[in-house]
Amino acid sequence: MVFAKEDVDYSLYLVTDSTMLPPGTTLCSQVEAGLKNGVTLVQIREKDTETKNFIEEALEVQKICKKYNVPLIINDRIDVAMAIDADGVHVGQEDMPIPMVRKLLGSSKILGWSVGKRSEVETLAKWGPDMVDYVGVGTLFPTLTKKNPKKTPMGTQGAISVLNALEEFKATWCRTVGIGGIHPDNIQRVICQCVSSNGKRSLDGISLVSDIMASTDACAATQKLKTLINGTKYQFVECKLDATLPTAASIQKVLFQVSSNRPLVQHITNKVHQNFGANVTLALGSSPIMSEIESEVSELARIPNASLLLNTGTVAPIGMLKAAINAYNEVNRPITFDPVGYSATETRFHLNNTLLTYGQFACIKGNYSEILSLAELNKDKMKGVDSSSGDTDINLVARATQIVAFKYRTVAVCTGEIDCIADGTFGGEYKLSSGTAGVTAEDIPCVLIEDGPIPIMGDITASGCSLGSTIACFIGGLDPTGNLFDAVVGAVLLYKSAGKLASTHCQGSGSFHFQLIDALYQLFHENKPEKWSASLKKF
Ligand SMILES: Cc1nc(C(=O)O)sc1CCOP(=O)(O)O
Ligand SMILES: C=C1C=NC(C(F)(F)F)=NC1=N
Ligand SMILES: [Mg+2]
């Protein structure tokens with residue numbers, strides 16, 4: 001039986017491994033459980049099996065695949081694939097070169113290649129449409145399944161680079177599956193975030209080993225995966241994700257919700273910011289907790305209206321940070337991420353990138369240089385955003401904010417004299433094999449907030465960090481019917497207006513500190529956004 005290549009369904013691609021079978025299961029029983037519950041493609045990958053045994057197993061699995069009309073791919077062993085007339089072969093970079101494999105297999109068989117770099121995509125594009133039919137894009141996340149892991153996990157951002165390369169080199173025929181450490185807790189984020197920058201391509205499928213092969217209930221495991229893959233909505237916070245331009249009325253509603261829900265705002269932040277951040281949080285009718293205890297983070301995340309502010313100014317132990325991200329993601333409670341000094345040093349760059357790949361953030365906030373780095377637009381450090389005339393290139397900053405929002409499916413905030421806020425959540429929508437229907441970063445909603453220069457804002461500690469506290473209060477205080485974009489825009493508008501108000505009353509940076517808390521307190525409790533001095537306009 002020959003499968004027409006365009007008919008291959010890559011959506012749930014099971015790769016076998018008989019070294020991890022739970023007691024009472026066999027290679028065939030796990031594969032059958034998968035096929036019965038929606039696995040769409042199977043690959044036998046048995047690195048340590050002798051040829052005779054490999055062929056016997058492959059023939060048995062092939063029989064089952066035929067029953068479910070699902071193609072069977074053989075990993076590495078082209079000889080075995082030919083011997084049993086399998087439907088295709090998958091090879092890695094260190095295996096037999098693709099053109100040779102293609103020559104042996106003939107044109108009708110499915111040929112897959114493990115790919116992780118742009119240069120590898122460039123090569124497959126040069127070979128043209130008759131060579132590689134699909135690529136395994138990975139290793140996405142840490143995994144114990146691949147014995148000698150040569151590749152460091154690339155995360156969703158690495159997969160996006162491969163998708164972008166496929167678009168850049170016009171390998172439109174080539175399908176893609178993500179692989180490596182994929183499980184129910186990250187599968188929706190993978191599908192949602194892994195979209196090419198031109199919005200035209202997302203992954204065609206998800207490939208995994210242990211989630212099914214090592215499962216004591218492979219039927220249930222497969223059903224769970226199927227549900228997540230076929231879903232269309234990724235609700236990563238308990239609130240509405242649709243971006244409508246905020247109004248004074250919609251922001252007033254946010255403040256009502258915050259004051260009635262009194263969110264618990266957990267700060268994992270730098271020491272300088274802790275005290276001021278706690279006071280800002282209290283001024284906004286919320287309750288701060290400055291905890292960095294790994295063992296309690298799950299309990300805190302489950303407190304009603306819990307909200308996490310993750311500020312990497314001084315670094316808490318990475319294990320604690322990862323545990324916090326997991327804990328809040330697990331219960332769909334919001335995380336506001338402030339990657340302080342994002343690319344200032346190798347250490348910060350690596351740490352922040354690791355955290356960015358580790359979970360989903362409701363909001364990512366940074367200053368001009370941090371956001372430009374996150375958007376990979378600050379290649380030439382000299383240029384920066386302040387052009388020679390000294391005024392900021394707000395178009396560059398807004399574009400960078402939109403790119404960050406788009407890449408991470410989050411609400412991105414870029415702070416400066418003019419603040420930019422962009423909504424890249426797409427309402428939490430996601431779909432395999434096609435991206436955002438060609439919607440690109442510059443098409444997503446973006447607003448600018450200004451209130452003239454407030455130079456003294458830069459003369460106090462933790463002014464930027466405390467905007468993070470304000471955002472975390474507003475997002476945390478939302479009802480499930482509340483709107484994420486309204487909350488973030490409302491927080492920035494309030495904070496900018498309070499800064500302006502405080503700067504007119506203070507005698508210096510000391511009194512400015514307290515005046516800022518007073519101004520936040522007054523404006524919040526008065527709750528008349530139409531009277532706030534900062535202006536909001538669509539970019
Ligand atoms: C077979 C394989 N290839 C990878 C790659 O990165 O190319 S990672 C991997 C193992 C994936 O197993 P699990 O789903 O259990 O994490
Ligand atoms: C190393 C591998 C990488 N990717 C894939 C697949 F997901 F099938 F593309 N299979 C492999 N054996
Ligand atoms: Mg291989």
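Residues numbered from 1 in each chain as written. Chains lettered and ligands numbered in written order. Predicted model: local features only at pLDDT ≥ 70, side-chain atom pairs only at ≥ 80, totals over all residues. Heavy atoms only, no water.

## Quick word on the overall build of the chain
To keep it simple, the criterion reads: What counts as a helix is a DSSP run of H or I of at least four residues, what counts as a strand is a run of E of at least two, and both are numbered from the N terminus. Only C-alpha atoms enter the radius of gyration; for comparison, a globular chain is expected to reach 2.2 Å times N to the power 0.38, where N is the number of residues. Should any heavy atoms of two residues lie within 4.5 Å, those residues are counted as being in contact.
Secondary structure assignment for the chain yields 19 helices and 17 strands. For 539 residues, the compact-globule estimate of 2.2 N^0.38 gives 24 Å, and the chain sits close to it at 25 Å. In terms of overall dimensions, the chain has C-alpha extents of about 85 × 50 × 40 Å along its principal axes. In the chain, 74% of the contacts between residues at least 6 apart in sequence involve partners at least 24 apart.

## Quick word on the packing of helix α10 (residues 248-261) against helix α18 (residues 484-505)
Definition in use: Throughout, an axis means a line fitted to C-alpha atoms (over the contacting stretch in the case of helices), and angles, computed between N-to-C directions, take values from 0 to 180 degrees. An angle below 35 degrees is treated as roughly parallel, one above 145 as roughly antiparallel, one from 65 to 115 as roughly perpendicular, and anything else as oblique. Residues are grouped as follows: nonpolar covers Ala, Val, Leu, Ile, Met, Phe, Trp, Tyr, Cys and Pro; charged covers Asp, Glu, Lys and Arg; every other residue, Gly included, is treated as polar.
At a closest axis distance of 9 Å, the pairing of α10 and α18 adopts a crossing angle of 90°. The angle between α10 and α18 falls in the class roughly perpendicular. Here Ser250, Ile251 and Val254 of α10 lie close against α18, whose contacting residues are Asp486, Ala487, Val489, Gly490 and Leu493. Looking at the contact of α10 with α18, its residues break down into 5 nonpolar, 2 polar and 1 charged.

## Section: the coordination of the magnesium ion (ligand 3)
The condition is simple: Coordination shells were defined by N, O and S atoms within 2.8 Å of each metal, extended to 3.2 Å for Na, K and Ca; water is absent from the atom set, which can make sites look incomplete.
Taken together, Asp76 (OD) and Asp95 (OD) make up the protein donors of the magnesium ion (ligand 3), found 2.5 to 2.6 Å from the metal. Placement of Asp76 in the loop between β3 (72-75) and α3 (78-84) and of Asp95 in the loop between β4 (88-91) and α4 (98-105) is noted, with a sequence separation of 19 residues between them.

## Some words on the pattern of salt bridges
What counts, and what does not: Criterion for a salt bridge: a side-chain nitrogen of Lys or Arg within 4 Å of a carboxyl oxygen of Asp or Glu. Whether a residue is buried, partly exposed or exposed follows from its accessible area with a 1.4 Å probe, protein chains only, as a fraction of its type maximum: under 20%, in between, or over 50%, in that order.
Here the structure, examined in full by the defined rule, presents 19 salt bridges. In this structure, the salt-bridge partner of Asp85 is Lys109, at a minimum N-O distance of 2.6 Å. Highlighted residues: Asp85 in the loop between α3 and β4 and Lys109 in the loop between α4 and β5 (110-115), separated in sequence by 24 residues. You can call Asp85 partly exposed: its relative accessible area is 40%. Classification of Lys109 by relative accessible area gives buried; the value is 12%. Its salt-bridge partner being Lys537, residue Glu450 comes within 3.1 Å of it at the nearest N-O pair. Pair noted here: Glu450 is in strand β16 (residues 446-450) and Lys537 is in strand β17 (residues 535-538), with a separation of 87 residues, a long-range link. It is possible to trace a salt-bridge network through shared partners that takes in Lys5, Arg102 and Asp133.

## Points about the site of ligand 2
Note the following rule: Near residues are defined by distance, with any heavy atom within 4 Å of the molecule or strand qualifying the residue. We define a polar contact as two N or O atoms separated by no more than 3.5 Å, with the added condition that, inside protein, one atom must be a possible hydrogen donor and the other a possible acceptor, whereas residues neighbouring each other in sequence contribute only through side-chain atom pairs. Surface accessibility in these figures is a Shrake-Rupley result with a 1.4 Å probe; residues are shielded only by whichever protein chains are displayed.
Around ligand 2 sit Tyr13, Gln43, Arg45, Asn75, His90, Ser114, Tyr134, Gly136, Lys146, Val177, Ile179 and Ser207, and that is every residue in its neighbourhood. A distance of 3.0 Å is found between a nitrogen atom of ligand 2 and a side-chain nitrogen or oxygen belonging to Gln43. For ligand 2, the protein covers 94% of the area, taking 310 Å² as the surface of the free molecule. Elements represented by at least two residues in the shell around ligand 2 include exactly β6 (134-137) and β7 (175-179). Taken together, the residues of the shell around ligand 2 sort by class into 4 nonpolar, 6 polar and 2 charged.

## Some thoughts on the packing of aromatic side chains
The condition that has to hold: Centres within 6.5 Å make a pair out of two Phe, Tyr or Trp rings, where for Trp the six-membered ring is used; the pair is then stacked when the planes are under 30 degrees apart, edge-to-face when over 60, and tilted otherwise. The rule is short: NZ of Lys or CZ of Arg within 6 Å of the ring centre and within 35 degrees of the ring normal puts a charge over the ring.
Scanning all chains against the criterion turns up 8 aromatic pairs. With 4.7 Å between their ring centres and 20° between their planes, Phe337 and Phe361 make a pair best called stacked. Of the two residues, Phe337 is situated in strand β12 (residues 335-338) and Phe361 in the loop between α14 (346-358) and β13 (363-367); the sequence distance between them amounts to 24 residues. Its relative accessible area of 2% is what places Phe361 among the buried residues. An aromatic cluster is built from Tyr10, Tyr13 and Tyr134, whose rings are joined through pairwise contacts. Just above the ring of Phe406 sits the side chain of Arg409; from NZ or CZ to the centre is 4.9 Å.

## Side note on α14
Given 3.6 residues to a turn, an α-helix orients residues that are three or four positions apart in the same direction. Just so we agree on the cut-off: Here the expected span of a helix is defined as 1.5 Å times the quantity of residues minus one.
With 13 residues, α14 extends 18 Å from end C-alpha to end C-alpha; this agrees with the ideal 18 Å at 1.5 Å per step. Those residues of α14 not exposed but buried are Leu351, Asn352, Leu355, Leu356 and Thr357.

## Quick word on the pairing of β7
Condition: Criterion used throughout: strands pair if DSSP finds at least two bridges between them. The crossover handedness rule: strands pointing away from the viewer, path from first strand over the helix to second strand clockwise, crossover right-handed.
Two strands pair when backbone bridges link them, and β6 and β7 are joined in this way by 4 bridges, in the parallel orientation. Within β7, the residue paired with Gly136 across the bridge is Val177. In the classification by handedness, the crossover that spans β6, the intervening helix α6 (residues 155-168) and the parallel β7 is right-handed. Where β7 and strand β8 (residues 205-208) come together, 3 bridges link them in parallel fashion. Residue pairing in the sheet places Ile179 in a bridge with Ser207 of β8. Traced from β7 through helix α7 (residues 187-193) to β8, the parallel crossover comes out right-handed.

## Some remarks on the nonpolar core
Quick note on the threshold: The nonpolar core is taken to be a set of buried Ala, Val, Leu, Ile, Met, Phe, Trp, Tyr and Cys residues, with the residues joined through side-chain atoms within 4.5 Å. In this entry, domain limits derive from an automatic or database-based domain assignment.
Ile74, Ile421, Phe474 and Leu516 are the most contacted members of the largest nonpolar core, which totals 133 residues. Among the elements that line this core, the one with the most residues is α18, at 12 residues. When we break this core down by domain, the ones giving at least three residues each are domain 1 (5-230) and domain 2 (248-538). Residues in contact with Leu516, not counting those within four places in the same chain, are Phe276, Met457, Ile460, Tyr495, Ala498, Gly499 and Ala502. Core analysis: the second largest hydrophobic core is formed by 49 residues, Ala323, Ile335, Leu372 and Ala422 among them.

## Thoughts on the domain arrangement of the chain
Applied cut-off: The term buried area refers to how much accessible surface (probe radius 1.4 Å) is lost by two components on association, counted for both of them together.
Domains assigned within the chain are domain 1 (5-230) and domain 2 (248-538). Once you take the C-alpha centre of each, domain 1 and domain 2 turn out to be 38 Å apart. Residue-level contacts link 24 residues of domain 1 with 22 residues of domain 2. Here domain 1 meets domain 2 over a buried area of about 1700 Å², counting both sides, of which 55% is carbon and sulfur. The largest contributions to the domain 1 side of the interface with domain 2 come from Gln157, Arg189 and Cys192, which together make up 30% of the buried area. Viewed at the interface, domain 2 and domain 1 are joined by 0 salt bridges. At 5 residues, the largest contribution of residues to the side of domain 1 that touches domain 2 is made by α7. Its residues assigned to classes, the side of domain 1 that touches domain 2 comprises 8 nonpolar, 12 polar and 4 charged.

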